[in-house]
Amino acid sequence: MKSELGELLDARGLVRRFGGLTAVDRVDLHVSEGEVLGLIGPNGAGKTTLFNLLAGQLRSDEGTIRLLERDIHGLPPHRICHLGLARTFQVPRPFLSLSVFEAVLVGARFGRATPSRSPASVTRQCLARTGLSSRRDDPVRSLNLAERKRLDLARAIASNPRVLLVDEAAAGLNPAEVRETVDLLRDIREAGVGIVYVEHVMEAVLDLSDRVQVLNYGGTIAVGPPDEVMRDPRVVEAYLGRAAESADGGGTGR
Ligand SMILES: Nc1ncnc2c1ncn2[C@@H]1O[C@H](COP(=O)(O)OP(=O)(O)OP(=O)(O)O)[C@@H](O)[C@H]1O
Ligand SMILES: [Mg+2]
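Description of the structure in this document. If you're wondering where the values come from, they're calculated on a predicted model, not measured in any experiment. (Residues numbered from 1 in each chain as written. Chains lettered and ligands numbered in written order. Predicted model: local features only at pLDDT ≥ 70, side-chain atom pairs only at ≥ 80, totals over all residues.)

1. Brief notes about the overall build of the protein chain
- Secondary structure summary: the protein chain contains nine helices and ten strands in total.
- The dimensions of the protein chain, computed from C-alpha atoms along their principal axes, are 50 × 45 × 35 Å.
- Residues classed as buried in the protein chain amount to 43% of the 254 residues present.
- Summarising the internal contacts of the protein chain: among those between residues at least 6 apart in sequence, 67% fall at separations of at least 24. (Helix = DSSP H or I, 4+ residues; strand = E, 2+ residues; numbered from the N terminus. Buried ≥ 20, exposed ≤ 12 C-beta atoms within 10 Å, placed from the backbone. Contact = placed C-beta atoms within 7 Å.)

Shown next, in the form of structure tokens:
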């Protein structure tokens with residue numbers, strides 16, 4: 001099972017059940033150096049659960065996960081981060097009592113070491129890249145939602161990842177902030193990082209993605225170039241079908 005050249009993350013046949021619900025259903029996912037894979041799908045499709053499997057917050061019931069040719073299945077999150085996979089959270093829950101600087105320093109200290117750079121210098125650079133330098137001494141609790149999302153991204157990139165999983169970085173941001181986030185992710189990709197980008201803000205994810213993978217009810221229903229995937233009748237049906245359910249009051253309400 002040899003990976004393609006430049007392949008960073010290769011997951012196959014992932015399954016995760018919660019009681020009778022199969023939240024992730026035989027999903028294959030791979031991302032290469034400098035590639036952005038957009039991961040989309042209606043609410044409850046299994047995107048965040050898949051991230052939890054890849055980053056070690058949850059164990060899969062079936063399947064394999066290889067990061068840089070190494071089997072990471074079952075490793076705890078801090079080990080996986082140390083090996084080069086970082087993630088952001090759909091709802092960031094930083095330590096509110098830390099300063100902004102300290103919260104990002106955690107990423108720089110416990111991630112994959114950055115050669116010849118001190119954690120403090122990496123932290124300063126990541127704060128500058130995410131526009132948070134002027135807030136460095138403020139407590140995390142004083143940040144608004146948009147700033148907490150940027151802080152979470154700063155913490156993740158401070159760990160010097162080879163693969164970055166981004167869960168809804170643009171949700172709740174205004175159009176200018178969305179553009180800044182897209183520019184930052186493009187910058188990170190330019191440095192060779194492989195990004196898996198979960199997002200409901202379609203302009204952002206379609207603009208950035210080299211490939212798009214669509215989940216619905218836990219399974220992959222389409223994967224390929226963004227324009228092709230968005231024309232796929234199964235994708236159109238998945239979105240319209242769920243929208244109709246929500247209009248009937250049958251959606252997840254999230
Ligand atoms: N810890 C859990 N226990 C039980 N069910 C869960 C758990 N986590 C997720 N689920 C269920 O698994 C399914 C997938 O949820 P998940 O959060 O992965 O979806 P998502 O694609 O990230 O959705 P959204 O776009 O709304 O964030 C949903 O039906 C959800 O209710
Ligand atoms: Mg989610």
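2. Quick look at the site of ligand 1
- Within the structure, ligand 1 sits among 13 residues, and Phe18, Ala23, Lys47, Thr48 and Thr49 are positioned closest to it.
- Broken down by secondary-structure element, the contributors of at least two residues to the shell around ligand 1 are strand 2 (21–32) and helix 1 (47–55).
- In the shell around ligand 1, the residues fall into four nonpolar, seven polar and two charged. (Near = placed C-beta within 6 Å. Nonpolar A, V, L, I, M, F, W, Y, C, P; charged D, E, K, R; others polar.)

3. Quick word on helix 1
- Burial runs high along helix 1: nine of the nine residues are buried.
- Residue glycine 56 follows helix 1 closely and has a positive phi angle near 90 degrees.

4. With respect to the sheet that holds strand 6 (residues 85–87)
- With respect to topology, six strands assemble into an open sheet ordered 6-7-8-3-9-10, the strand pairing being mixed. This sheet does not close on itself; its edge strands, each paired only once, are strand 6 and strand 10 (219–224). Each strand of the sheet is rotated relative to its neighbour by a mean of 15 degrees, with strand direction disregarded.
- Its contacts with the sheet put helix 1 on strand 3 (36–40), strand 6, strand 7 (163–167), strand 8 (194–198) and strand 9 (211–216), and the angle it makes with strand 7 is roughly 150 degrees.
- Of the strands in this sheet, strand 3, strand 7 and strand 8 are in contact with helix 6 (residues 175–190), which crosses strand 8 at around 150 degrees. (Pairing = 2+ DSSP bridges. Axes fitted to C-alpha atoms, helices over the stretch in contact; angles between N-to-C directions.)

5. Overview of the pairing of strand 1 (residues 7–18)
- Note: strand 1 against strand 2, nine bridges, orientation antiparallel. Each bridged residue has a counterpart across the sheet, and for arginine 17 the counterpart in strand 2 is threonine 22.
- Where strand 1 folds back on strand 2, the antiparallel hairpin that results is connected by two residues, among which glycine 19 adopts a positive phi of roughly 55 degrees.
- In this structure, strand 1 lies alongside strand 4 (residues 62–67), joined through five bridges in antiparallel fashion. Bridge assignment links alanine 11 to a residue of strand 4, and that residue is isoleucine 65.

6. Examining the packing of helix 4 (residues 119–129) against helix 5 (residues 145–158)
- Their axes nearest at 9 Å, the elements helix 4 and helix 5 cross at an angle of 140 degrees. The orientation of helix 4 with respect to helix 5, classified from their angle, is oblique. Remark: the crossing between helix 4 and helix 5 carries right-handed chirality. Residue-level inspection shows Val122, Thr123, Cys126 and Leu127 of helix 4 in contact with helix 5, the latter providing Ala154, Ile157 and Ala158.
- Of the residues assigned to the contact of helix 4 with helix 5, the class counts are six nonpolar, one polar and no charged. (Parallel < 35°, antiparallel > 145°, perpendicular 65-115°, else oblique. Left-handed = near helix turned anticlockwise from the far one by under 90°.)

7. Some thoughts on the packing of helix 3 (residues 100–110) against helix 4
- Across the interface, helix 3 lies against helix 4 with an axial gap of 9 Å and an inter-helix angle of 120 degrees. Looking at the two axes, helix 3 sits oblique to helix 4. Between helix 3 and helix 4 lies a crossing of right-handed hand. Contact residues: helix 3 offers Phe101, Val104, Leu105, Ala108 and Arg109, while helix 4 offers Pro119, Ala120, Val122, Thr123, Cys126 and Leu127.
- Residue classes in the contact of helix 3 with helix 4 are distributed as nine nonpolar, one polar and one charged.

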